[in-house]
Amino acid sequence: MSNVIFYFSGTGDSYSIAKGIQKKIGDTILAPLLKAKDYKVAEYNIVGFIFPVYYVHVPQIALSAINDISLRKGQQVFAIAAYGGSWGYALQDIREALSGKEVILQEYKIRTPGNYILEYGALPKTYQEYILKKAEKQINKISGFILEVKKTGYIKPNLIARIFHSRSNKQRSLFGEIGSKFYAKEQCVHCYQCVKLCPTKNITISNGNLIWGNKCAQCMACIQWCPQNAVSHPLMKKDRRHYTNPNVVVNQSGEFE
Ligand SMILES: Cc1cc2nc3c(=O)[nH]c(=O)nc-3n(C[C@H](O)[C@H](O)[C@H](O)COP(=O)(O)O)c2cc1C
Ligand code: SF4
Ligand code: SF4
């Protein structure tokens, strides 16, 4: 019986972590979390979930997909939160979502350089490299723990998360509205990579123009991966640097490789 890792990823960090774990634990397939319904998940040996943290929680779209998955009693499941500054309630969200399913849950978190370009620009390259090197070491360590079925403790919210929690709920309720304000600048070359990448199909084409609807999950894929840096937003300050995980590329079909 092989293993499966489901990832949800906007800028490639969660996907890159998934690839790293796959390489280390072997006999594992990777699949987008939003396609989990196409898999008989209960038949796999180990099941992994890897996702970013959005405003100190698991992205709602990812949590809903996890909620819909049928798992086997006693199945080994691991969850890894990729976070830029505070993992917050992310692992608690997963624990609660899986609480009735009687699985063996391992909880992990890995720090990444941070990707929320509507609030801040990318860190300097050398600092990104430092963080990603540390992440690589953690991937190796965590892979060992997964193979040993090591018991992990609960990862609880830290102080920053508890302080900012009320802001978090408000911000998360605004994702759709904020997402509808993205727009394409004139350097857009109509490659439609952003349309292919969007996990909620929030970007449509009308008379050759791109229109962002109100189903945005705030994953930042459209704005961060655009080859022309043509996607912008009223919250986007001029000269803010873009970030995508340096070990990941987007193929012609808009999938991560
Ligand atoms: C809308 C949004 C909210 C975020 N909120 C948090 C947060 O509360 N805490 C945190 O540590 N990182 C936060 N981040 C940063 C991401 O969790 C982090 O950059 C992650 O590695 C991105 O993973 P990905 O490349 O797989 O999408 C946020 C990012 C976005 C886009
Ligand atoms: S990815 Fe960028 S260049 Fe391509 S269609 Fe979207 S906005 Fe235009
Ligand atoms: S519109 Fe952009 S930020 Fe929103 S979900 Fe789609 S790709 Fe992600």
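See the structure shown above.
Just so it is clear, the model here is predicted, and its values are computed rather than measured.

Comments concerning the overall build of the protein chain
Here is step 1 of the chain: Across its full length, the protein chain carries nine helices and nine strands.
Here is step 2 of the chain: A compact globule built from 257 residues would reach a C-alpha radius of gyration of about 18 Å, and the protein chain, at 18 Å, matches this within 12%.
Here is step 3 of the chain: Once the C-alpha set of the protein chain is aligned to its principal axes, its extents read approximately 55 × 40 × 35 Å.
Here is step 4 of the chain: Residue burial in the protein chain is summarised as follows: out of 257 residues, 52% are buried.

Things to note about the packing of helix 2 (residues 60–67) against helix 3 (residues 90–98)
Here is step 1 of the chain: Packing of helix 2 against helix 3 brings their axes to within 10 Å, and their N-to-C directions diverge by 25°. Here helix 2 lies roughly parallel to helix 3, going by the angle between them. Between helix 2 and helix 3 lies a crossing whose hand is right-handed. Taken together, the residues of helix 3 that come into contact with helix 2 (itself represented by Leu-63, Ile-66 and Asn-67) are Asp-93, Ile-94, Ala-97 and Leu-98.

Some details on the side chain of Ser-9
Here is step 1 of the chain: Inspection of the secondary structure puts Ser-9 in the loop between strand 1 (3–7) and helix 1 (13–25).
Here is step 2 of the chain: Polar side-chain contacts of Ser-9 include one of 3.1 Å to the backbone nitrogen of Gly-12.
Here is step 3 of the chain: A distance of 3.4 Å separates a polar atom in the side chain of Ser-9 from the backbone nitrogen of Tyr-15.
Here is step 4 of the chain: Apart from the residues within four sequence positions on either side, Ser-9 is in contact with Ser-14, Tyr-15 and Phe-256.

Describing helix 3
Here is step 1 of the chain: Counting buried residues in helix 3 gives seven out of nine residues, a clear majority hidden from the surface.
Here is step 2 of the chain: For helix 3, every residue scored as buried is listed here: Ala-90, Leu-91, Asp-93, Ile-94, Arg-95, Ala-97 and Leu-98.

Observations regarding the layout of surface pockets
Here is step 1 of the chain: As a volume, the largest pocket reaches approximately 660 Å³.
Here is step 2 of the chain: Along the wall of the largest pocket there are 29 residues; nearest its centre are Val-53, Tyr-55, Gly-85, Tyr-116 and Tyr-120.
Here is step 3 of the chain: Elements with a contribution of two residues or more to the lining of the largest pocket: helix 1, strand 4 (76–83) and helix 6 (165–173).
Here is step 4 of the chain: Of the residues assigned to the lining of the largest pocket, the class counts are 14 nonpolar, twelve polar and three charged.
Here is step 5 of the chain: Reported here for the second largest pocket is a volume of approximately 510 Å³.
Here is step 6 of the chain: Together, 20 residues line the second largest pocket, and Pro-32, Lys-196, Leu-197, Pro-199 and Gly-254 are the ones closest to its centre.

Focus on a nonpolar patch on the surface
Here is step 1 of the chain: A cluster of nonpolar side chains, Leu-159, Ile-160, Ile-163 and Phe-164, forms an exposed patch at the surface whose accessible area comes to about 420 Å².
Here is step 2 of the chain: Among the structural elements, Leu-159 can be located in helix 5 (residues 159–163).
Here is step 3 of the chain: Taking relative accessible area as the criterion, Leu-159 reaches 55% and is therefore assigned exposed.

So, the sheet that holds strand 5 (residues 104–111)
Here is step 1 of the chain: Reading across the sheet, the five strands line up as 2-1-3-4-5 and stay open at both edges, with parallel pairing between neighbours. Of all strands in the sheet, those bounded by a partner on one side alone are strand 2 (28–32) and strand 5. Each adjacent strand pair in this sheet contributes to an overall mean axis angle of 20°, direction not counted.
Here is step 2 of the chain: The pairing of strand 4 with strand 5 spans eight bridges and is classified as parallel. Of the residues in strand 5, the one forming a bridge with Ala-81 is Lys-109.

Scoring rules and cut-offs
Residues numbered from 1 in each chain as written. Chains lettered and ligands numbered in written order. Predicted model: local features only at pLDDT ≥ 70, side-chain atom pairs only at ≥ 80, totals over all residues. Heavy atoms only, no water. Helix = DSSP H or I, 4+ residues; strand = E, 2+ residues; numbered from the N terminus. Rg over C-alpha atoms; globule rule 2.2 N^0.38 Å. Buried < 20%, exposed > 50% of the residue type's maximum accessible area, 1.4 Å probe, protein only. Axes fitted to C-alpha atoms, helices over the stretch in contact; angles between N-to-C directions. Parallel < 35°, antiparallel > 145°, perpendicular 65-115°, else oblique. Left-handed = near helix turned anticlockwise from the far one by under 90°. Contact = heavy atoms within 4.5 Å. Polar contact = N/O pair within 3.5 Å; in protein donor to acceptor, adjacent residues only side chain to side chain. 1 Å grid on protein atoms, 1.4 Å probe; cavity = no way out; pocket = protein on both sides within 12 Å on 5 of 7 lines; lining within 4 Å. Points joined across faces, edges and corners; volume = space filled by probe spheres on them. Nonpolar A, V, L, I, M, F, W, Y, C, P; charged D, E, K, R; others polar. Patch = residues over 30% accessible without salt bridge, like charges linked within 9 Å, V, L, I, M, F, W, Y side chains within 5 Å. Areas by Shrake-Rupley, 256 points an atom, 1.4 Å probe, with all protein chains shown as cover. Salt bridge = Lys/Arg side-chain N within 4 Å of Asp/Glu carboxyl O. Pairing = 2+ DSSP bridges.

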